Amino acid sequence: MNFSLNDRWLELIHREEMKATLASTADKTAMLLRRDGAYSEDVMDYPLIFPETDFGSLVENVRMVIYSQQKIVNAIYKNAGLGGLDELFPLPGTTLNIIDEAEMDVLNNNIIRADIIPSEGGYKICEINYGTPTTGFEAFNLYHFLSHESGLDFTRKLKAPLSDLADFYKRKMYESGREKLVIFILSKYRYQGYTSVNFMCKYFQKAMPEFKVAVYDETDYPEELLTPEFGSKTLVYRNFLIEDLNEYSEFFKKLVDSDAEISSSLVTERLMDKGWFDILRCEPYQSLLSEQEISAIARVVPQTEIVTQANIDRITGQKDELIFKKRYSCGGQDILLGCDIEKDTLLRCLADSKDNGYVAQRIVDSVKLNLSPRIGGKVEPHDVVLGLYFIGGNANGVFVRVSSRSKVVNVCEGKASSGWAYPLDTWQVHLK
């Protein structure tokens, strides 16, 4: 990320004549978030800028990594079926087999967010999320509102990611022949205040009036939709985690038995196993890849190893240079910084790990960005994580999380502030 470009941008919006206007507008955008239910979200008062040249290069590199995953998944599935995928990517135990083979067309049939750290050595992907990420989409629209209210113009010519998401699900509705789209989120996530699907639902309703769109959780899901008569006409966009399948197994069995099509299936869970960062660099899998894909992996994928009994002593001996992540985790959970934990304690945590264990990843130090999430607040160094979305293959901006308090830059666990970075050049930013 070209921080010098953002330095000039921050200088512009902190001019005395802009401070009052932006602060007032930021209050209005915060009110919109709270009204929609995302009351725990700490959204920055202003967006950041992602230089267009950097953005194009990063998009191409991440595409290459995703194409590489697709080639490897397809080869394993062709040669060994689901059993082969289970062997490499053992999912936490579930009795429900929700598989959509269309999602093996990885880039075009999935919602993807690559989480990226800007470092002295370039942009590095720290994890890839598939299928269920929703937080961040609304930031683009909030800043679009701020753009018009404040007199700054930074969203022209740019397509909202929610528009791409609506196009994505509109296409899936026509392809599947379904009549009703259900945005399904468990009640424990629906009311936690970090993300709201109501904004998304309203956007979908406007974008596809020919279909019925609704938000439900397990407490208010209509019984009639759990029957094959109506379930067979329903497409479900799931917003729950794989471990939730067992906790709410009775409800999900009814949902599967209703013949509803469930988007973001267990294919996507296998795609976001953090063990991929090891597998992408391993033979024989690299023999499936092009030189461009291998080169992109070398540029943006940090050195990572799946922790096994064979390498655990060597890896924990290097713990101060590593960060340990559970292969299936999200939201900043189950992350262990090797430099912050005693070796004996680390060994115990790794040994006690259930499911399919941990990866050890070389620590990527974020290049810090000097900013204040609040207009007029104290400017100080912040660690940065960038979330590059691909929706049906399209990328049009970057979800941003920043933290001055935690190297685990996450909204839920790391108390980060969030926002959006627009791919722009300096001459495109001006006062109206």
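Above this note sits the structure.
Rules of the game
Residues numbered from 1 in each chain as written. Predicted model: local features only at pLDDT ≥ 70, side-chain atom pairs only at ≥ 80, totals over all residues. Heavy atoms only, no water. Helix = DSSP H or I, 4+ residues; strand = E, 2+ residues; numbered from the N terminus. Buried < 20%, exposed > 50% of the residue type's maximum accessible area, 1.4 Å probe, protein only. Contact = heavy atoms within 4.5 Å. Areas by Shrake-Rupley, 256 points an atom, 1.4 Å probe, with all protein chains shown as cover. Pairing = 2+ DSSP bridges. Axes fitted to C-alpha atoms, helices over the stretch in contact; angles between N-to-C directions. Phe/Tyr/Trp six-rings, centres within 6.5 Å; stacked < 30°, edge-to-face > 60°. Core = buried A, V, L, I, M, F, W, Y, C linked by side-chain atoms within 4.5 Å. Salt bridge = Lys/Arg side-chain N within 4 Å of Asp/Glu carboxyl O. Lys, Arg positive; Asp, Glu negative; His and termini not counted. Parallel < 35°, antiparallel > 145°, perpendicular 65-115°, else oblique. Left-handed = near helix turned anticlockwise from the far one by under 90°.

> Looking at this model, I keep getting lost on the overall build of the protein. Mind explaining?
Looking only at helices and strands, the protein has 15 helices and 17 strands in total. Per-residue burial over the protein gives 59% buried out of 432 residues. The long-range share in the protein, meaning contacts at least 24 apart out of those at least 6 apart in sequence, stands at 75%. With an accessible surface of roughly 18,200 Å², the protein has 49% of that area assigned to carbon and sulfur atoms.

> Would you mind showing me how to read the sheet that holds strand β12 (residues 358-362) here?
Strand-to-strand pairing in sheets goes through backbone hydrogen bonds, with the strands running parallel or antiparallel. Here 4 strands make up an open sheet; going across it, the order is β9-β12-β10-β11 and the pairing antiparallel. At either end of the open sheet lies a strand with only one pairing partner, and these are β9 (304-306) and β11 (335-337). Going across the sheet, the axis of each strand differs from the next one's by a mean of 20 degrees, ignoring polarity. Here 3 bridges tie strand β10 (residues 322-326) to β11, and the two strands are oriented antiparallel to one another. Pairing of F324 across the sheet is with L336, part of β11.

> Any chance you could explain the packing of aromatic side chains here in plain terms?
Remark: the centre distance and the inter-plane angle together describe each pair of aromatic rings, the angle taken between the planes. Enumeration over the complete set of coordinates arrives at 17 aromatic pairs. Ring centres 4.7 Å apart and planes at 35 degrees place the aromatic pair Y169 and Y237 in the tilted group. Here Y169 is found in helix α5 (residues 161-176), whereas its partner Y237 is found in strand β7 (residues 234-239), with 68 residues between them in sequence. Residue class for Y169 comes out buried when judged on its relative accessible area of 0%. For Y237, a relative accessible area of 0% corresponds to the buried category.

> In this structure, what is going on with unusual backbone geometry? I would like to understand it.
Glycine aside, the phi torsion of most residues is negative, and most peptide linkages are trans. The step from E283 to P284 runs through a cis peptide bond, and the omega angle for that step is 5 degrees. Structurally, P284 can be placed in the loop between α12 (276-279) and α13 (291-300). Unlike most non-glycine residues, D259 shows phi in positive territory, near 70 degrees. Note on placement: D259 falls in the loop between α10 (249-257) and β8 (261-263). Look at D259 and you get partly exposed, because its relative accessible area is 44%.

> What is the right way to look at the sheet that holds strand β6 (residues 212-216) in this model?
The parallel open sheet is built from 4 strands, whose spatial order is β6-β5-β7-β8. Edge positions in the open sheet fall to β6 and β8, since each of these has one partner strand only. Shown here is a sheet whose adjacent strand axes are inclined to one another by a mean of 25 degrees, direction ignored. Taken together, the 3 bridges between β7 and β8 define a ladder with parallel strand orientation.

> Just checking my understanding: could you explain the nonpolar core for this structure?
Looking at soluble globular proteins, one finds that nonpolar side chains tend to be buried together. Counting residues in hydrophobic clusters, the biggest one holds 117 residues, and the most contacted among them are L165, Y169, F204 and Y221. With 10 residues, helix α3 (residues 52-88) is the largest single contributor of residues to this core. Setting aside chain neighbours within four positions, we find F204 in contact with L162, L165, A166, Y169, L181, I183 and V213. Residues L336, I341, L346 and Y358 belong to the second largest nonpolar core, which totals 11 residues.

> So what exactly am I meant to see when it comes to the pattern of salt bridges here?
Pairing between side chains of opposite charge can happen when their charged atoms approach one another. All told, the structure shown has 20 salt bridges when counted by the stated rule. Of the charged contacts in the structure, one is a salt bridge between K253 and D257, with a shortest N-O distance of 2.8 Å. Here K253 pairs with D257, and both are found in helix α10, just 4 residues apart, close to one helical turn. Across the salt bridge formed by D383 and K368, the nearest N and O atoms sit 2.9 Å from each other.

> Would you explain the pairing of strand β3 (residues 122-130) in this entry?
On any regular strand, side chains alternate: one points to one face of the sheet, the next to the other face. Most of β3 is tucked away, with 8 of its 9 residues classed as buried. For strand β2 (residues 111-119) and β3, the ladder comprises 8 bridges, and the chain directions are antiparallel. Counted as the bridge partner of P118 is Y123 from β3. Hairpin remark: β2 followed by β3, antiparallel, with 2 residues in the connecting loop.

> Even after reading the chapter, I still don't get the environment of K326, so can you show me in this structure?
Summarising the element assignment, K326 is placed in strand β10. Taking the relative accessible area as the measure of exposure, K326 reaches 16% and is therefore buried. Taking the C-alpha atoms as reference, K326 lies 9.1 Å from L350; in sequence the two are 24 residues apart.

> Got a minute to help me understand the side chain of K274 in this structure?
By the element assignment, K274 lies in the loop between α11 (266-271) and α12. In this structure K274 is buried but unpaired, with E127 as the nearest side chain of opposite charge at 4.1 Å.

> How should the packing of helix α2 (residues 16-36) against helix α4 (residues 137-150) be read in this particular structure?
Packed helices, taken two at a time, are described by their axes: the angle between them and the distance between them. Where α2 contacts α4, the axes come no closer than 9 Å and their chain directions differ by 140 degrees. With respect to α4, the axis of α2 lies oblique. Pair α2 / α4 crosses with right-handed handedness. Along the contact surface, α2 presents M18, T21, L22, T25, K28, T29, L32 and L33, while α4 presents E138, L142, F145, L146, E149 and S150.

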